[in-house]
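Residue strings, one per chain:
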Amino acid sequence: MAKKVLIIGAGYAGIEAAITLNKKKKKDNLEITLIDKNDYHTLLTELHEVAGNRIPEEGIRINLRSIFKYTDVKVVKDEIKNFDFENKKVSSDNAVYDYDYLILAMGSSPNYFGIPGLKENTLPLWSYEDAIRIREHIKNCFLLASQEKDINKKKRLLTFVVAGAGFTGVEMIGELAIWVKSLCKEYDIDRKDVRLVIVDMLPRILNNLKEENSIKAHRYLEKKLKVEVMLNTRITGANEKGLTYEGGEIEAGTVIWSAGIKAADSADELELERVNRSKRIKVDEFCRTQYENVYCVGDLGGLSGENGMPFAAMVENAIQTAHGAAENILNDIRGKEQKKVTVKFHGTMVSVGNYFCVSEIMGKSLPVWLSIIMKFLVNIHYLWEITGFRGISRYLYHEVLERRQRKIFVEKHWSTRMQAWWLTLLRVFLGGMWLYEGIVKVTEGWFTSPKLASFLGMASDATSAATGSATYITRIDEIVNIKTGIINFLLGTESRLVEGAVISSQQFAKVDLFRFGDFSLMNWFLQNVVLANDGVAMFFQVLVVIFEILVGLMLLGGAFTFIGSLISVGLLTMFITSTGLYKDSWWMIFASIATMGGAGRAFGLDYYLIPWLNNVWESFWKNRKFRLFFKHGLDRFD
Ligand SMILES: Cc1cc2nc3c(=O)[nH]c(=O)nc-3n(C[C@H](O)[C@H](O)[C@H](O)COP(=O)(O)OP(=O)(O)OC[C@H]3O[C@@H](n4cnc5c(N)ncnc54)[C@H](O)[C@@H]3O)c2cc1C
C-alpha cells in the first residue's frame, strides 16, 4: 500500500519538501499531498516590492499547480484547522486527510508581544494580502491628504511609520521612500510634508548584519532617502492616532508592524512542545516532533544549532530543514537510519529601495552593485528550482519590464515596451537574406570545391580573389584606405572604409580587432588554421554555408530566434574582422540585435516552442521523466 505523506503549507519549506520527495522517491510507493490555504505560492522575500509598488502583485505569486504539474504531487487548496496526531488525521471545515507521515510547514505570523493596540492599529507585512493592503492604504493616504484642508490631519495622513528595523522593516521603508517621490508628484504634495520614520528598540538597524553594513544602510536611509531612524526606542502601544513609545508618540496615518515573528497562528493550538517565546515547535536533530511520524520544518520548526538556539527563520533554514525532513521520511520508509539535519547559512541580502543593497556572503560584505545582482541571482536560482524557465521569465518580466519605480534615465527607456509583431517583417527579411546567401553559395559550388581562399582574398592571384567574392561580403581592398570617423567613433577601434577598386565600386568596412602592431591574429588564423589545407578549408566553408541556411530558416520560421540572431551577429562579426562587410550590409548586424528581443514570439514558432521546451524541461527536472507530449503543452506561460 502507498505510504501517505501529507505536507501542510506550500511556502518555501513545503514546496522544497514536496519536490524532494517527488524527485527522490524512485520506486517507493508514495502518495504525496501538499495542502495550502491558497492555491499559490508567495515569494515572501519580495513582499516589500509589492507593498512599495515597485512590481505588480503577480510578480510574487506563483500558481501551485504550475509548480507541480508533471509531478506526482497532489496539490489541494484547503485550510487545515484540526490536528489529531494520535489517529494520524488532520481536517479542515470540509475534509479529513489521513497520513502515515506529516510535515508541518505552516510558517510564521507577526508577533505583537502582547503590546496593547498593535494588532488592531498596525498593518503587518507577512502575506500576499498584507502587501496589497499596505500598498492600497498608502495610495489612499496620499489621495486623502491631497484633498485635506486641516493641516494636522494632513500631517498625520502623510506620516508613515515602520516599526522594526530588521530585514523586513528596512526593506519596507526603503521601498516606500522611493515610491513616495512619485506619489508626491502624482498627488501634488511637497516631499517635505511627508514624514517617513523607522523605529527600533535596538541601538542599530539590521542588527543581524555586521556593524559596517548596518551603518551603510543607516546612512543611506537618512541621507539619501530622508528617513528618520529612531533607535533605542521601546514601542509601548498603538492606537487610532498612531504609535506610542517610551517617552513619546508619533501621530501617523500608517504604522507597519515588522518587529517580530512567532510560529504561525494556525499552529497556536497544536499540542506540541515549543522552544521559546516565539512558540516555534520543538524538534529533534532529524526535524521530528515528539511524534516520530510528524516532522516540522521552516519558520514553524525550531531546529536548533550548536548554540542551542533555533536557526533564524529565513529561507535557507526553510529549504534545508524541509529537504532534510523529506530525506528522513524516505529513510524511514526504506528502513534506514535518520540523518541529522543541519542548516548552513550562506548569505544575506537586504535591499533598501531599488538602487541600494547590503549583503554578506560567506561572511564577506559585497559592494552595493554586486549585492543587487546577487539578490536577483538568488531569486532566479530559487525560481529555476521550482518553476524552471517559466518562473524566471515571469520574474524578470515583472522586475525589469513591469517595474513601476523607474528613476534612472536608462531604466525608463529600456522598460518601454512594444509588441513583438513590429519585428516580424524585419525578422523574415533578415532570415530571407541569410537563406538567399546560403543558397547562392551552394549554387556557386561551395559544397563541392574550395572557394574560401578566394572569398577571403587570400588566393594566389588577385583576379580570382575578386571574382570569387560573394555578393555582399568580400575582402578589403587596401588600395584606397580612407579612415572613417563614423566607424572609428562608433567602434572605438581602427577601422577602414575602403573603395573596393579592384572588385567593384562598392564600399567595404573592415575592423581589425585582433591586430597587434604588424601582426594580425585574424590573418594568421585564417592562413594557418582555416586555410591550412583544402580539407580544413572545405570543412569551414561548408560550415559557413550550413550556418547561413540554418540562420535563414530559424529567422524565417521564428524558431529559436534568439539563438539564430546570435549566430547571425557571430557570422557578421566574423566577416567584418576577416573579409570586411559591404556598408550596405551593416544593417544586418543591427537587425540581428533587434530580432534577439523576442521577434519569434509573434507569428513565429517560438510562440509554441518555448512553452513546449519549458514543459519538457520541467517534466524531466521535477519527475526525472522525459516526455514530449503534454496536454495544453503549447499554451503560453500563465
Ligand atoms: C517581508 C519579508 C521579507 C523577508 N525577506 C527575507 C530575506 O530577504 N531572506 C530570507 O532568507 N528570508 C526572508 N524572509 C523570511 C522568509 O520569507 C521565511 O523564512 C520563509 O518564508 C519561511 O518559509 P516557510 O515555508 O516556513 O513559511 P511560509 O513561506 O510562510 O509558508 C507557509 C505556508 O503555509 C500556509 N499555511 C499556513 N497555515 C496553514 C493552514 N492552517 N492550512 C493550510 N496552509 C497553511 C501559508 O498559506 C503559506 O503558504 C522574509 C519574510 C518577509 C515576510
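Nothing here was measured: the structure is a model prediction, and the numbers come from that model. Each chain has its residues counted from 1, running along the sequence as written. In keeping with the predicted nature of the model, local features appear solely for residues at pLDDT of at least 70, side-chain atom pairs appear and are counted solely at 80 or more, and the whole-chain, interface and lining totals rest on all residues. To get the side-chain values, take all heavy atoms of the structure and skip hydrogens and water.

Considering empty space enclosed by the protein
Using a probe with the size of a water molecule, rolled over the atoms, empty space left in the structure can be pinpointed.
So, point 1. Of the two site types, the cavity is a set of points on a 1 Å grid over the protein atoms alone where a 1.4 Å probe fits but cannot get out, and the pocket is an open set with protein on both sides within 12 Å along at least five of seven lines, each lined by residues with an atom within 4 Å of a point. Grid points are joined across faces, edges and corners, and a volume is the space filled by probe spheres set on the points. All chains considered together, the criterion is met by 1 cavity of 30 Å³ or more.
So, point 2. Of the voids in this model, the largest cavity is the one considered here, and its volume is about 50 Å³.
So, point 3. Considering the residues around the largest cavity, the lining is formed by Leu43, Glu58, Gly59, Arg61, Ile62, Leu383, Gly391, Arg394, Tyr395 and His398.
So, point 4. Strands are runs of DSSP state E lasting at least two residues, helices are runs of H or I lasting at least four, and both sets are numbered from the N terminus onward. Of the residues forming the lining of the largest cavity, the biggest block, 4 residues, is contributed by helix α11 (residues 389-401).
So, point 5. Residues are grouped as follows: Ala, Val, Leu, Ile, Met, Phe, Trp, Tyr, Cys and Pro are nonpolar; Asp, Glu, Lys and Arg are charged; all remaining types, including Gly, are polar. When the residues that make up the lining of the largest cavity are grouped by side-chain class, the tally is 4 nonpolar, 3 polar and 3 charged.

Here's the deal with the nonpolar core
So, point 1. Nine residue types can take part in a nonpolar core, namely buried Ala, Val, Leu, Ile, Met, Phe, Trp, Tyr and Cys, and a core is a set of them joined through side-chain atoms within 4.5 Å. Type-normalised accessible area, obtained with a 1.4 Å probe on protein chains alone, sets the label of each residue: buried when under 20%, exposed when over 50%, and partly exposed for intermediate values. Grouped together as the largest cluster of nonpolar side chains are 114 residues, with contacts concentrated most on Ile8, Leu21, Leu104 and Phe142.
So, point 2. For this core, the element with the highest residue contribution is helix α7 (residues 167-186), accounting for 10 residues.
So, point 3. Domain ranges listed in this record stem from an automatic or a database domain assignment. No fewer than three residues from each of domain 1 (3-108 + 263-345) and domain 2 (118-259) sit in this core.
So, point 4. Pairs of residues are marked as contacts when any of their non-hydrogen atoms sit within 4.5 Å. For Leu104, the residues in contact, after removing those within four places along its chain, are Ile8, Phe83, Phe85, Leu270, Leu272, Ile281, Val294, Tyr295, Cys296, Val297 and Leu300.
So, point 5. Within the second largest apolar cluster, 25 residues are counted, among which are Leu531, Val544, Leu581 and Ala591.

What to know about the sheet that holds strand β12 (residues 159-163)
So, point 1. A pair of strands is considered paired only if DSSP assigns at least 2 bridges between the two. Read from one edge to the other, the open sheet built from 5 strands follows the order β11-β18-β12-β13-β14, with strand pairing classed as parallel. What marks the edges here is a single partner per strand, and that holds for β11 (123-124) and β14 (228-230).
So, point 2. Relative to strand β13 (residues 195-199), β12 runs parallel, the two sharing 5 bridges. Counted as the bridge partner of Phe160 is Leu196 from β13.

Digging into the side chain of Ser108
So, point 1. Among the structural elements, Ser108 can be located in strand β10 (residues 108-110).
So, point 2. A residue is classified by how much of its surface remains accessible, and Ser108, at 11% relative accessible area, is buried.
So, point 3. N or O atoms within 3.5 Å of each other form a polar contact, as long as, within protein, one can give a hydrogen and the other can take it, and as long as residues adjacent in sequence are counted only when both atoms are side-chain atoms. Within the structure, Ser108 has its side chain in polar contact with the side chain of Asp299 (distance 2.8 Å).
So, point 4. Beyond its immediate sequence surroundings of up to four residues, Ser108 is in contact with Trp126, Ile261, Lys262, Ala263, Ala264 and Asp299.

A few points about unusual backbone geometry
So, point 1. One non-glycine residue, Tyr70, adopts positive backbone phi at about 65°.
So, point 2. Among the residues examined, Tyr70 registers a relative accessible area of 15% and is labelled buried.
So, point 3. For Phe603, which is not a glycine, the phi torsion comes out positive at approximately 55°.
So, point 4. Inspection of the secondary structure assignment puts Phe603 in the loop between α20 (587-596) and α21 (606-623).

Section: the packing of helix α18 (residues 534-557) against helix α19 (residues 561-578)
So, point 1. Where α18 contacts α19, the two axes come as close as 9 Å, and the packing angle between them is 140°. Taken together, the axes of α18 and α19 are oblique relative to one another. Along this stretch, α18 crosses α19, giving a crossing that reads as left-handed. On α19, the residues touching Val544, Phe547, Glu548, Val551, Met554 and Leu555 of α18 are Thr561, Ile563, Gly564, Ser565, Ile567, Ser568, Leu571, Met574 and Phe575.
So, point 2. Counted by class, the contact of α18 with α19 contains 10 nonpolar, 4 polar and 1 charged residues. Inter-axis angles, ranging from 0 to 180 degrees, are taken between N-to-C directions of lines fitted to C-alpha atoms, where helices are fitted over the stretch in contact. By definition in this entry, angles of less than 35 degrees are roughly parallel, angles greater than 145 are roughly antiparallel, angles of 65 to 115 are roughly perpendicular, and the rest are oblique. Take the far helix as your reference; a near helix turned counterclockwise from it by less than a right angle gives a left-handed crossing, and one turned clockwise gives a right-handed crossing.

Observations regarding the sheet that holds strand β7 (residues 89-91)
So, point 1. Here we have 3 strands laid out as an open sheet, ordered β6-β7-β8, and antiparallel in their pairing. A strand with exactly one partner marks an edge of an open sheet, and here the two such strands are β6 (82-84) and β8 (96-98). For this sheet the average axis-to-axis angle between neighbouring strands, irrespective of direction, equals 15°.
So, point 2. Where β6 meets β7, 3 bridges bridge the pair, whose relative direction is antiparallel.

Concerning a positive patch on the surface
So, point 1. The patch calculation keeps residues exceeding 30% relative accessible area without a salt bridge and links them within 9 Å when they carry like charges or within 5 Å when they are nonpolar (Val, Leu, Ile, Met, Phe, Trp, Tyr). Method for areas: the Shrake-Rupley scheme with a 1.4 Å probe, in which residue coverage is limited to the protein chains shown. Any Lys or Arg side-chain nitrogen found within 4 Å of a carboxyl oxygen on Asp or Glu counts as a salt bridge. Positive charges come from Lys and Arg, negative ones from Asp and Glu, while His and the chain ends are left out of the count. Where a charge lies is defined by one atom per residue type, namely NZ (Lys), CZ (Arg), CG (Asp) and CD (Glu). Where like charges cluster on the molecular surface, the positive patch consists of Lys181, Arg219, Lys223, Lys224 and Lys226.
So, point 2. Ranked by residues supplied to the positive patch, first place goes to helix α8 (residues 211-224) with 3 residues.
So, point 3. Here Lys226 shows up in the loop between α8 and β14.
So, point 4. Judged by its relative accessible area of 54%, Lys226 is exposed.

Re the environment of Ile235
So, point 1. Residue position: Ile235 is located in strand β15 (residues 235-239).
So, point 2. What makes Ile235 buried here is its relative accessible area of 12%.
So, point 3. Along the backbone, Ile235 and Pro203 are 32 residues apart, and their C-alpha atoms lie at a distance of 14 Å.

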